[in-house]
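# Report on the structure
Here are the chains, one letter per residue:
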Amino acid sequence: MPSVFLDGQFISRDQARVSAFDAGFQHGVGLFETLLALREDDDVHILHLQEHVERLRVSAAALGLSESLRAGALEEAVRRCAEHAAKEH
């Protein structure tokens, strides 16, 4: 069954819940980046990950969403999601 990454863990999509007080839900506020992840054997490489995360960090600050987006934690979450997706397919 497909899963989603929420609050640092993978859960089934049937269990995923977002608070009605979430800014993205209440105000339609959000940032999006499209990334390319390549799988070679057991390794997953995300092209230009640091540049994508830096754009998200700058945009989040400009929109007043977060002044302290943790780039390292976001990069790790993206890597975990790409590796998880590679295992599911």
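### Let's talk about the pattern of salt bridges
All told, the structure shown has three salt bridges when counted by the stated rule. Between Glu54 and Arg57 there is a salt bridge, with the nearest N and O atoms lying 2.6 Å from each other. You can see Glu54 and its partner Arg57 sitting in helix H2 (residues 49-62), three residues apart, about one turn around the helix. With relative accessibility at 37%, the residue Glu54 sits in the partly exposed group. Given the relative accessible area of 31%, Arg57 is considered partly exposed.

### Regarding H2
Given 3.6 residues per turn, any residue in an α-helix points the same way as the ones three and four places further on. Under the 1.5 Å per step criterion, the end-to-end length of H2 is 20 Å for 14 residues, consistent within 8% with the ideal 20 Å. When we look at burial in H2, the residues that qualify are Leu49, His52, Val53, Leu56 and Ala60. The buried residues of H2 occupy an angular sector of 95° when the element is viewed end-on, so they sit on one face. Opposite the packed face of H2, turned more than 90 degrees from it, sit the exposed residues Gln50 and Ala62. Looking at the buried residues of H2, the elements they touch are strand S4 (43-46) and helix H3 (71-88). Positive phi shows up at Gly64, right after H2, with a value of about 75°.

### Brief notes about the pairing of S4
Along any regular strand the residues' side chains alternate between the sheet's two faces. Burial of S4 is one-sided: the residues Val44 and Ile46 facing one way are buried, the residues Asp43 and His45 facing the other way are not. Two elements, strand S3 (residues 37-40) and S4, share four bridges in a ladder whose sense is antiparallel. Its bridge partner lying in S4, Ala37 is registered against Ile46. Between the antiparallel neighbours S3 and S4 lie two residues, among them Asp41 with a positive phi of about 55°.

Thresholds applied
Residues numbered from 1 in each chain as written. Predicted model: local features only at pLDDT ≥ 70, side-chain atom pairs only at ≥ 80, totals over all residues. Heavy atoms only, no water. Salt bridge = Lys/Arg side-chain N within 4 Å of Asp/Glu carboxyl O. Helix = DSSP H or I, 4+ residues; strand = E, 2+ residues; numbered from the N terminus. Buried < 20%, exposed > 50% of the residue type's maximum accessible area, 1.4 Å probe, protein only. Expected span 1.5 Å × (residues − 1). Arc of directions from axis to C-beta. Contact = heavy atoms within 4.5 Å. Pairing = 2+ DSSP bridges.

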